[in-house]
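Take a look at the letters that make up each chain.
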Amino acid sequence: MAERKRISILGVTGSIGRNTVSVMESLGVERFETVAVTGNGNIAGLAGAARALGAQVAVTADPSRLADLRAALAGSGIEAAAGGDALTEAASRPADWVMSAIVGAAGLAPTLAAARTGATIALANKECLVAAGSVFLAEIARSGARLLPVDSEHNAIFQCIAAERDCPIERLILTASGGPFRNHTRAQMAAVTVAEAVAHPNWSMGARISIDSASMFNKALEMIEASHLFEVTPDQIEVIVHPQSIIHSMVGFRDGSILAHLGPPDMRVAIGHALTWPERAALPVDRLDFARLGRLDFQEPDEERFPSLALARRAMADGGVAGCVLNGAHEVALDAFIAGQIGFLDMAGLVAQTMDRLDDLPVAHDLEDVFAADAAARRVGRELVGRFAA
């Protein structure tokens, strides 16, 4: 029997984490040695994943839930731990492959800890590159770690350029479903509720990611990610609305050719690719039926209705910690929208005003500088929440 691949899953209870467990189960959990799984408040889900995968350690980020986690793991022999330090320690344990699926800036420190071990990092956490791109990539280079993108768009680009490594990229075309409001007017979007924003037409995702898709903030973050991952300039990055979510992204080359990655809107495709790369394993996902599809549609995104895209271009042009400021303010704005404190369209306004007020922060040289910029963005963002009436 081949040596088992050592796996850690940071954020096992979220949408990406659960799909990672599903892929591992479809391939056979006996093929893997699960080192660590982490989560936050969903103790039942965390303990269930730890038991299903036979993990060595399970960690909740919430220190107050340690007793609950220990009780849920009683008799399993699985170590239980809690808190930020425990999260980072678990991520630091030797593993061959680490899924970075903790949502938000909370995923930065543990993902960096995993990168320092030289493991292959399957990156589903946008903030590692959006908020700390140069710092994170420098750590990847120092440690010799390998970075495999898991976002469906970046994974699609990675697959498209795999056989074209020596061919200069002319353009990257990120596809966006447009979410549930792609045909709404601004007046209609102003009245959008949280429940409406969570109801994505194509993808099954967590609430925060679904709202980001509806506002296209997820695409804004992906634009910044792409600039770091594939070393392209902002003017080489395009976004096109593709309602069917069948083409996940495209790469254009200087001879006019465009390579596209097509597949069902199922995150297990990208996760399975990253987990078994450079091989391809059989996955239990739907196969495309082109006759049934009939057509694929495209339209240019309206940046007046989706100003998050313009904010991403501004952050890339400004450089420095602008991406970090955008991200921190965006997380505050998202929390405020979910809490009913601001309206759907106010999220972009809050981010823009935060960027206006923090356009002179110094360049980040290490993670502490990144956290300082993030803290400043959150502080200003929270101050601004009261100016927007939901």
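As the structure is a prediction and not an experimental result, all values here were calculated from the model.

Help me get a handle on the overall build of the protein chain, residues and values and all.
For the protein chain, the helix and strand inventory stands at 18 helices and eleven strands. At 20 Å, the protein chain has a C-alpha radius of gyration in line with the 21 Å of a compact globule built from 390 residues. Dimensions of the protein chain along its principal axes, counting C-alpha atoms only, are 55 × 50 × 40 Å. Evaluated residue by residue, the protein chain yields a buried proportion of 55% over its 390 residues. Sequence-distant contacts in the protein chain: of pairs separated by 6 or more residues, those separated by 24 or more amount to 68%. Counting only carbon and sulfur atoms, one obtains 49% of the accessible surface of the protein chain, whose full area is about 16,200 Å². Charge centroids of the protein chain, computed over 33 positive and 46 negative side chains, lie 4 Å from each other.

How would you sum up the packing of helix H12 (residues 217-229) against helix H15 (residues 308-318)? Please name residues and give values.
With their axes 8 Å apart at the nearest point, H12 and H15 run at an angle of 25 degrees to one another. Relative to H15, the element H12 is oriented roughly parallel. As for the relative orientation of H12 and H15, their crossing is right-handed in sense. Contact residues: H12 offers Phe217, Lys219, Ala220, Met223, Ile224 and Ser227, while H15 offers Ser308, Leu309, Leu311, Ala312, Arg313, Ala315 and Met316. A per-class count over the contact of H12 with H15 returns nine nonpolar, two polar and two charged.

Please provide a residue-by-residue account of the sheet that holds strand E10 (residues 247-253), values included.
In spatial order, the strands read E9-E8-E10-E11; together these four strands make up an open sheet with mixed pairing. Single-partner strands in this sheet number two, and they are strand E9 (237-241) and strand E11 (258-262). Averaged over all pairs of adjacent strands, the angle between strand axes in this sheet comes to 20 degrees, irrespective of strand direction. Here five bridges tie strand E8 (residues 169-176) to E10, and the two strands are oriented antiparallel to one another. Pairing of leucine 172 across the sheet is with valine 251, part of E10. The strands that H12 touches are E8 and E9; relative to E8, the one it contacts most, it runs at about 155 degrees.

Quick one: what's the story with the pairing of strand E3 (residues 57-60), residue by residue and with numbers?
Side chains of E3 alternate between two faces, with Val57 and Val59 and Ala58 and Thr60 buried alike. Pairing of strand E2 (residues 32-39) with E3, which is carried by four bridges, proceeds in the parallel orientation. Bridge pairing in E3 links glycine 39 to threonine 60. In the classification by handedness, the crossover that spans E2, the intervening helix H2 (residues 43-53) and the parallel E3 is right-handed. Two elements, E3 and strand E4 (residues 79-82), share four bridges in a ladder whose sense is parallel. Counted as the bridge partner of alanine 58 is alanine 80 from E4. This β-α-β element, E3 to helix H3 (residues 66-72) to E4, shows right-handed connectivity.

Now, about the packing of aromatic side chains: what can you tell me, with residues and values included?
A full pass over the atoms with the stated rule returns three aromatic pairs. On the numbers, 6.0 Å between centres and 65 degrees between planes, the contact of phenylalanine 158 with tryptophan 277 is edge-to-face. Here tryptophan 277 lies in the loop between helix H13 (267-276) and helix H14 (290-293) and phenylalanine 158 lies in helix H8 (residues 152-161), a separation of 119 residues in the sequence. Given the relative accessible area of 28%, tryptophan 277 is considered partly exposed. Seen from their ring centres, phenylalanine 181 and phenylalanine 344 are 5.4 Å apart, and the 80 degrees between their planes marks the pair as edge-to-face. In this pair, phenylalanine 181 is assigned in the loop between E8 and helix H9 (186-190) and phenylalanine 344 in the loop between helix H16 (322-338) and helix H17 (346-357), connecting sequence segments 163 residues apart. You can call phenylalanine 344 buried: its relative accessible area is 3%.

So what's going on with H16? Residues and values would help.
With 17 residues, H16 extends 24 Å between its outermost C-alpha atoms, agreeing within 8% with the 24 Å of an ideal straight helix rising 1.5 Å per residue. Where burial is concerned, most of H16 is hidden: 15 out of the 17 residues are buried. Looking one or two places after H16, you find glycine 340, whose phi comes out positive at around 80 degrees.

Cut-offs and rules
- Residues numbered from 1 in each chain as written.
- Predicted model: local features only at pLDDT ≥ 70, side-chain atom pairs only at ≥ 80, totals over all residues.
- Heavy atoms only, no water.
- Helix = DSSP H or I, 4+ residues; strand = E, 2+ residues; numbered from the N terminus.
- Rg over C-alpha atoms; globule rule 2.2 N^0.38 Å.
- Buried < 20%, exposed > 50% of the residue type's maximum accessible area, 1.4 Å probe, protein only.
- Contact = heavy atoms within 4.5 Å.
- Areas by Shrake-Rupley, 256 points an atom, 1.4 Å probe, with all protein chains shown as cover.
- Lys, Arg positive; Asp, Glu negative; His and termini not counted.
- Charge placed at Lys NZ, Arg CZ, Asp CG, Glu CD.
- Axes fitted to C-alpha atoms, helices over the stretch in contact; angles between N-to-C directions.
- Parallel < 35°, antiparallel > 145°, perpendicular 65-115°, else oblique.
- Left-handed = near helix turned anticlockwise from the far one by under 90°.
- Nonpolar A, V, L, I, M, F, W, Y, C, P; charged D, E, K, R; others polar.
- Pairing = 2+ DSSP bridges.
- Right-handed = clockwise from strand over helix to strand, strands pointing away.
- Phe/Tyr/Trp six-rings, centres within 6.5 Å; stacked < 30°, edge-to-face > 60°.
- Expected span 1.5 Å × (residues − 1).

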